[in-house]
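# Summary of structural features
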Amino acid sequence: MINDFEQIEPFSDGLAVVKKDKKYGFIDEFGNLVVDLEYDNASSFVNGFGRVAKNHLYGFIDKAGKIIIPLQYTGAFASEVGLFKVRKGFNDKWGVIDKYQNTIIPFIYDDIFAFRENLVVAEKDSKYGVIDTTGKVIIPFIYDFTFGFSEGLASVEKNGKWGVINKLGEMVVPFIYGWISEFSDGLACIKHKGLYGYIDKAGNVAIPSQYEQGFIFQEGLAGVQKNDKWGFINTLGEIVIPLMYDEVFGFENGIAMVCFDDTDEIFKIDKTGKHIK
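Residues numbered from 1 in each chain as written. Predicted model: local features only at pLDDT ≥ 70, side-chain atom pairs only at ≥ 80, totals over all residues. Heavy atoms only, no water.

Looking only at helices and strands, one finds 0 helices and 32 strands in the protein chain. Counting every position in the protein chain, which comprises 277 residues, the buried fraction comes to 42%. Restricting the contact set of the protein chain to residue pairs at least 6 apart, pairs at least 24 apart contribute 24%. Accessible surface, the protein chain as shown: approximately 14100 Å² in total, 50% of it carbon and sulfur. The average position of the 29 basic charges and that of the 39 acidic charges among the side chains of the protein chain differ by 4 Å. (Helix = DSSP H or I, 4+ residues; strand = E, 2+ residues; numbered from the N terminus. Buried < 20%, exposed > 50% of the residue type's maximum accessible area, 1.4 Å probe, protein only. Contact = heavy atoms within 4.5 Å. Areas by Shrake-Rupley, 256 points an atom, 1.4 Å probe, with all protein chains shown as cover. Lys, Arg positive; Asp, Glu negative; His and termini not counted. Charge placed at Lys NZ, Arg CZ, Asp CG, Glu CD.)

See the structure below:
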């Protein structure tokens, strides 16, 4: 049965998107077709809801295939908090609804994203702010960009410089950096004078800017690049996996993907740098 499909996406929430003859449906982990191949498009399940489309209009189904939110939106995305970012017309504004189609956040925003810590990033008139999941403005729309809150703080951009604010809108780190990532494992990656390092949640430099590139910390390790080679450091700035790779990806469940350009072969490594077959 599985071999009958032209395309099978990774499983999410116990189901996987499948495609055959230009139509999409879902299978379970036993290969059973649980949602018929009747849709023009489909996306993986998020928090129990799968996005489906017909005639360029989107809605959501549950795992039994029942339509929960009708296919009437020109854009639609599910979130991990059980709310849905939707747009009614192709040129309309975005808003947020619940599974009963109640409007939670009004349709007045140019974009909405980053549902985290009961807060949402929104764009309005080319400026970014933060609202809560009732639509109340928490951080005014005065910033050029923000990733939203992580670990209680948000990195924000204004006039080409980046700083950090708390949920009261108070400055924690002044606008002195060329870029600041989200916080993870208590640290944020910064770009300062062309090089990358890390600051803590008080704004103190934890790892001096010395790298050509840097990733956020994932599971206690961060990929960094120096002299065109990548490796991993810990939150103390110690190199735990030598800078020897041409490309690396962040750790997930104790495993990271790495590769060398001369072989184009991708390896899996553990947190000690040991290659895993």
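Structure's up, so let's keep going.
Looking now at the packing of aromatic side chains. For the structure on display, the rule yields 18 aromatic pairs. Where Phe26 meets Phe45, the ring centres are 4.8 Å apart and the plane angle is 70°; that geometry is what we call edge-to-face. Taken as a pair, Phe26 in strand S3 (residues 23-28) and Phe45 in the loop between strand S5 (41-42) and strand S6 (50-54) lie far apart in primary sequence, 19 residues in all. Residue Phe26 is classed as buried on the basis of its relative accessible area, which comes to 0%. In this structure, Arg51 is placed above the aromatic ring of Phe77, and the distance from its NZ or CZ to the ring centre is 5.0 Å. (Phe/Tyr/Trp six-rings, centres within 6.5 Å; stacked < 30°, edge-to-face > 60°. Lys NZ or Arg CZ within 6 Å of the ring centre and 35° of its normal.)

It is worth spelling out a nonpolar patch on the surface at this point. A surface patch of nonpolar side chains, about 260 Å² in accessible area, is lined by Phe249, Met257 and Ile266. On the secondary structure map, Phe249 appears in the loop between strand S29 (247-248) and strand S30 (256-259). (Patch = residues over 30% accessible without salt bridge, like charges linked within 9 Å, V, L, I, M, F, W, Y side chains within 5 Å. Salt bridge = Lys/Arg side-chain N within 4 Å of Asp/Glu carboxyl O.)

This part covers the sheet that holds strand S9 (residues 75-78). The sheet built from 4 strands is open, its strands ordered S9-S10-S11-S12 with antiparallel pairing. A strand with exactly one partner marks an edge of an open sheet, and here the two such strands are S9 and strand S12 (103-109). Neighbour to neighbour, the strand axes of the sheet diverge by 15° on average, direction disregarded. In the sheet, S9 pairs with strand S10 (residues 84-87) via 4 bridges, with the strands oriented antiparallel. Residue Gly75 lies in a different strand from S10, and its bridge partner there is Arg87. (Pairing = 2+ DSSP bridges. Axes fitted to C-alpha atoms, helices over the stretch in contact; angles between N-to-C directions.)

What follows deals with the nonpolar core. Counting 12 residues, the largest nonpolar core is built from Leu221, Trp230, Phe232, Ile241, Tyr245, Val248, Phe251, Ala256, Val258, Phe260, Phe267 and Ile269. Of all the secondary structure elements, the ones that give two or more residues to this core are strand S27 (229-234), strand S28 (239-245), S30 and strand S31 (266-269). Among all residues touching Tyr245, those that are not within four sequence positions of it are Asp228, Lys229, Trp230, Val258, Cys259, Phe260, Ile269, Gly273 and His275. (Core = buried A, V, L, I, M, F, W, Y, C linked by side-chain atoms within 4.5 Å.)

Here we take up the environment of Ile241. You can see Ile241 is positioned in strand S28. It is 40 Å that separates the C-alpha atoms of Ile241 and Phe84, two residues lying 157 residues apart in sequence. Filtering out sequence-adjacent residues up to four positions away, Ile241 remains in contact with Gly231, Phe232, Phe251, Ile269, Asp270, Lys271, Thr272 and Gly273.

Attention now moves to the side chain of Arg87. Locating Arg87 in the fold gives a position in strand S10. For Arg87, which is buried and forms no salt bridge, the nearest opposite charge comes from Asp92, at a distance of 7.2 Å. At a separation of 3.3 Å, a polar atom in the side chain of Arg87 contacts the main-chain carbonyl oxygen of Gly89. Those residues in contact with Arg87, other than ones at most four positions away along the chain, are Tyr73, Thr74, Gly75, Asp92, Lys93 and Trp94. (Polar contact = N/O pair within 3.5 Å; in protein donor to acceptor, adjacent residues only side chain to side chain.)

Right, let's talk about the pattern of salt bridges for a bit. Under the criterion given, the structure shown has 9 salt bridges. Of the charged contacts, one joins Arg116 and Glu182 as a salt bridge, the two residues approaching to 2.9 Å between their closest N and O atoms. One end of the pair, Arg116, is in strand S13 (residues 111-116); the other, Glu182, is in strand S21 (residues 179-184), with 66 residues separating them in the sequence. The class of Arg116 is partly exposed, set by a relative accessible area of 29%.

Attention now moves to a negative patch on the surface. The grouping of Glu247, Asp261, Asp262 and Asp264 at the surface amounts to a negative patch. Classification of Asp262 by relative accessible area gives exposed; the value is 68%.

Bringing the environment of Phe77 into the picture now. Turning to its location among the elements, Phe77 is positioned in strand S9. On a C-alpha basis, the gap between Phe77 and Val46 in space is 9.2 Å, while along the polypeptide they are 31 residues apart. Look past the residues within four positions of Phe77 in its chain and what remains in contact with it is Arg51, Phe60, Leu83, Phe84, Lys85 and Trp94.

The subject of this paragraph is unusual backbone geometry. Of note in the backbone geometry, Ala114 takes a positive phi value of approximately 60° without being a glycine. Here Ala114 is to be found in strand S13. Accessibility expressed as a relative area gives 18% for Ala114, which makes it buried. Positioned with a positive phi, Asn227 is a non-glycine residue whose angle comes to about 55°. Mapped onto the elements of the fold, Asn227 is located in the loop between strand S26 (221-226) and S27.

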